[in-house]
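Next come the chains, spelled out residue by residue.
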Amino acid sequence: MDLSTVIAGVSFRVGLMNASGALCVTQAELEELGESDAGAIVTKSMTPLPREGNPHPRYAAIEGGSINSMGLPNLGYPAYAKLIPELKRFEKPVIASLAGLKPDDFLEGARALHAAEPDLIEVNLSCPNLPGEPQIGYDFEGTERLLSAIREILTIPFGVKLPPYFDPIHHQKIADVLQRVGVAFVTMINSVGNTLVVDPEQEMVVIKPKGGFGGLGGRIIKPVALANVRALWKIWGDRIPIIGTGGIENGTDIFEHVLCGASAVQIGTALVEEGCGVFARLEREVTACLQRKGYMSLMACRGKLREID
Ligand code: DHB
């Protein structure tokens with residue numbers, strides 16, 4: 001089965017990779033992704049300086065998914081800039097996830113990454129877990145200003161990691177901004193931010209930062225993810241590739257994301273819960289799913305979701 005894909009001119013053996021944040025902070029974790037069956041290596045979102053992140057517990061598996069408020073634990077731009085050329089020995093695309101605590105950070109990071117030459121850069125506009133910092137992706141003018149400045153620095157193709165939107169007007173607005181800027185791809189969705197999970201026995205929250213509020217991931221967010229992938233596919237068609245993420249835990253979930261319009265998918269909660277073996281399992285499962293449906297390749301079903309007349 002041909003599970004290959006192309007994003008912004010970069011070829012992937014399989015359109016299946018980790019979501020930024022999932023097992024991709026340290027050199028050892030990134031090398032394990034390199035050795036796994038993942039089709040690419042995506043780094044943790046990075047900031048100028050190394051960060052320990054928020055206090056523990058900051059991730060919890062819950063029924064149907066996960067909640068996290070990690071607080072951007074990462075090694076910092078210089079460390080990833082040094083690591084990225086070494087990760088190329090795994091002969092799969094390396095995607096650097098660029099974040100920052102303020103807009104100028106992103107520009108500093110863009111300069112550091114420009115020299116490191118990852119295959120693609122995913123600009124994270126949607127970290128929900130920094131106390132006092134809004135998600136940039138919910139500020140359409142701020143997003144356009146920031147991406148226009150980044151575009152002046154980078155020649156490496158860059159895309160954006162978007163938060164979920166819940167209104168068609170917002171889908172249209174972000175699509176217009178991203179088209180004007182000329183992003184090479186979009187990854188969506190980031191976790192559903194600032195949700196709250198309650199443990200009724202303990203009468204307590206389940207993670208410590210921000211009074212228990214955190215980003216929701218896993219199976220329970222799949223309909224939100226599919227809606228966002230589909231909404232942008234309906235606006236753009238195949239003009240800007242979409243990497244679908246959110247709620248994928250089996251091969252059929254991948255098929256659903258691609259039917260909605262995704263050109264590749266990322267795995268977050270399922271990777272954290274299962275480890276890097278998840279990629280081989282998902283590859284087997286999506287292959288079986290496509291064979292059963294009579295498709296010759298993953299991309300053959302892209303966008304083919306049927307609506308009711
Ligand atoms: C973190 C969480 C995110 O969803 C994100 O996009 C970036 C960082 C975090 O808490 O580390």
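If you're wondering where the values come from, they're calculated on a predicted model, not measured in any experiment.

The rules behind each value
- Residue indices begin from 1 for each chain and proceed along its sequence in written order.
- Only residues with pLDDT of 70 or above have their local features reported here, since the model is predicted, and side-chain atom pairs are shown and tallied only from 80 upward, although totals for entire chains, interfaces and linings are computed over all residues.
- Hydrogens and waters are ignored; side-chain quantities use all the structure's heavy atoms.
- Definition of nonpolar core: a set of buried residues of the types Ala, Val, Leu, Ile, Met, Phe, Trp, Tyr and Cys, connected through side-chain atoms within 4.5 Å.
- Exposed residues in this analysis have more than 50% of their type's maximum accessible area, buried residues have under 20%, and partly exposed residues fall in between, with area computed by a 1.4 Å probe over protein chains only.
- Whether two residues are in contact is decided by their heavy atoms: any pair within 4.5 Å suffices.
- Here a cavity means grid points, on a 1 Å grid over the protein atoms only, where a 1.4 Å probe fits yet cannot get out; a pocket means an open set of points with protein on both sides within 12 Å along at least five of seven lines; lining residues are those with an atom within 4 Å of a point.
- Grid points are joined across faces, edges and corners, and a volume is the space filled by probe spheres set on the points.
- Note on definitions. A residue lies near a molecule or strand when any single heavy atom of the residue is within 4 Å of it.
- Whenever a nitrogen or oxygen atom comes within 3.5 Å of another N or O atom, the pair is scored as a polar contact, on the condition that within protein one atom can donate a hydrogen and the other can accept it, and that pairs from neighbouring residues in sequence are kept only if both atoms are in side chains.
- For accessible areas, the Shrake-Rupley method is used with a probe of radius 1.4 Å. Any residue's cover is judged against the shown protein chains and nothing else.
- To be counted as sitting in a cavity or pocket, a molecule needs more than half of its atoms within 2 Å of that site's grid points.
- As a working rule, the residues Ala, Val, Leu, Ile, Met, Phe, Trp, Tyr, Cys and Pro are called nonpolar, Asp, Glu, Lys and Arg charged, and the rest polar, with Gly in that last group.
- Note on pairing: DSSP must find at least two bridges between two strands before they are called paired.
- Note on conventions: DSSP H or I runs of at least 4 residues are helices, E runs of at least 2 residues are strands, and numbering of each starts at the N terminus.
- Note on geometry: axes are lines fitted to C-alpha atoms, helical ones only across the stretch in contact, with angles between N-to-C directions running from 0 to 180 degrees.
- An angle counts as roughly parallel when it lies under 35 degrees, as roughly antiparallel when it exceeds 145, as roughly perpendicular when it falls between 65 and 115, and as oblique in every other case.
- Each helix crossing is assigned a hand: it is left-handed if the near helix lies turned anticlockwise from the far helix by less than a right angle, otherwise right-handed if that turn is clockwise.
- Handedness of a crossover: with both strands directed away from the viewer, a clockwise path from the first strand across the helix to the second marks it as right-handed.
- It is the directions from the helix axis to the C-beta atoms that the arc portrays.

1. Here we look at the nonpolar core
Val123, Leu147, Ile150, Leu162, Val186 and Ile267 are the most contacted members of the largest nonpolar core, which has 85 residues in total. Discounting chain neighbours no more than four positions away, the residues touching Val123 are Leu98, Phe106, Leu147, Ile150, Phe158, Gly159, Val160 and Lys161. Counting residues in hydrophobic clusters, the runner-up holds 11 residues, among them Ile7, Val42, Ile95 and Ala264.

2. Structural notes on empty space enclosed by the protein
Per the counting criterion, the structure on display carries one cavity of 30 Å³ or more. In this structure, the largest cavity spans a volume of roughly 30 Å³. What lines the largest cavity is Leu3, Val14, Gly15, Leu16, Ile254, Val265, Val286 and Leu298.

3. Considering the site of the ligand
Close contacts around the ligand come from 13 residues, with Lys44, Gly71, Leu72, Asn124 and Asn190 the closest. Asn129 places a side-chain nitrogen or oxygen 2.8 Å from an oxygen atom of the ligand. Isolated, the ligand exposes 290 Å² of accessible area, and the fraction of that covered by the protein chains is 93%. Put simply, the ligand lies in the largest pocket. Class assignment of the residues belonging to the shell around the ligand gives a composition of five nonpolar, seven polar and one charged.

4. Points about the sheet that holds strand β16 (residues 264-267)
Note: strands within a sheet are paired through backbone hydrogen bonds, in either parallel or antiparallel orientation. In spatial order, the strands read β3-β16-β15-β10-β9-β8-β7-β4; together these eight strands make up an open sheet with parallel pairing. Only two strands of the sheet have a single neighbouring strand rather than two, namely β3 (16-18) and β4 (41-42). Bridge count for strand β8 (residues 120-124) against strand β9 (residues 158-162) is four bridges, and the pairing is parallel. The residue bridging Ile121 from the neighbouring strand is Phe158, located in β9. Sheet strands in contact with helix α4 (residues 140-153) are β8 and β9, and its direction is about 155 degrees off that of β9.

5. Thoughts on the packing of helix α5 (residues 168-181) against helix α6 (residues 222-236)
Running from N to C, α5 and α6 point in directions that differ by 55 degrees, and their axes come no closer than 10 Å. The angle between α5 and α6 falls in the class oblique. Taken as a pair, α5 and α6 cross one another with a handedness that is right-handed. Contacts between α5 and α6 involve His171, Gln172, Ala175, Leu178 and Gln179 on the former and, on the latter, Asn228, Ala231, Leu232, Ile235 and Trp236.

6. Describing the layout of surface pockets
Leftover empty space is mapped by rolling, across the atoms, a probe with the size of a water molecule. Taken as a whole, the largest pocket spans an internal volume of roughly 850 Å³. Together, 47 residues line the largest pocket, and Ser20, Gly21, Ala22, Asn68 and Gly268 are the ones closest to its centre. Residue assignment for the lining of the largest pocket shows that the elements contributing at least two residues are β5 (59-62), β6 (65-68), β14 (213-217) and α8 (269-274). Ranked by residue count, the leading element in the lining of the largest pocket is α8, at five residues. The residue inventory of the lining of the largest pocket, partitioned by class, reads 18 nonpolar, 21 polar and eight charged. Of the voids in this model, the second largest pocket is the one considered here, and its volume is about 370 Å³. Lining of the second largest pocket is provided by 19 residues; of these, Pro103, Phe106, Glu133, Pro134 and Ile136 occupy positions nearest its centre. Here the lining of the second largest pocket takes three residues from α4, the largest share from any one element.

7. Some details on the side chain of Asn190
Note on placement: Asn190 falls in the loop between β10 (186-188) and β11 (192-196). In terms of polar contacts, Asn190 uses its side chain to reach the side chain of Ser126, at 2.8 Å. In this structure Asn190 touches Asn124, Ser126, Cys127, Lys161, Leu162, Pro163 and Pro164, once residues within four positions along its chain are discounted.

8. Regarding the pairing of β8
Burial analysis of β8 places five of its five residues in the buried class, the great majority of the element. Alternating positions in β8 separate into two faces, Leu120, Glu122 and Asn124 on one and Ile121 and Val123 on the other, with burial throughout. Where strand β7 (residues 94-98) and β8 come together, four bridges link them in parallel fashion. Bridge pairing links Ser97 to Glu122 in β8. What joins β7 to β8 is helix α3 (residues 103-116), and the crossover it makes is right-handed.

9. Some remarks on helix α1 (residues 27-35)
Buried within α1 we find Leu30, Glu31, Leu33 and Gly34. An end-on view of α1 places all buried positions within 155 degrees of arc, on one side of the element. Exposed residues on α1 whose side chains face more than 90 degrees from its buried face are Ala28 and Glu35. Residues of α1 that are buried make contact with β3, β4, α2 (77-87), α8 and α9 (278-293).

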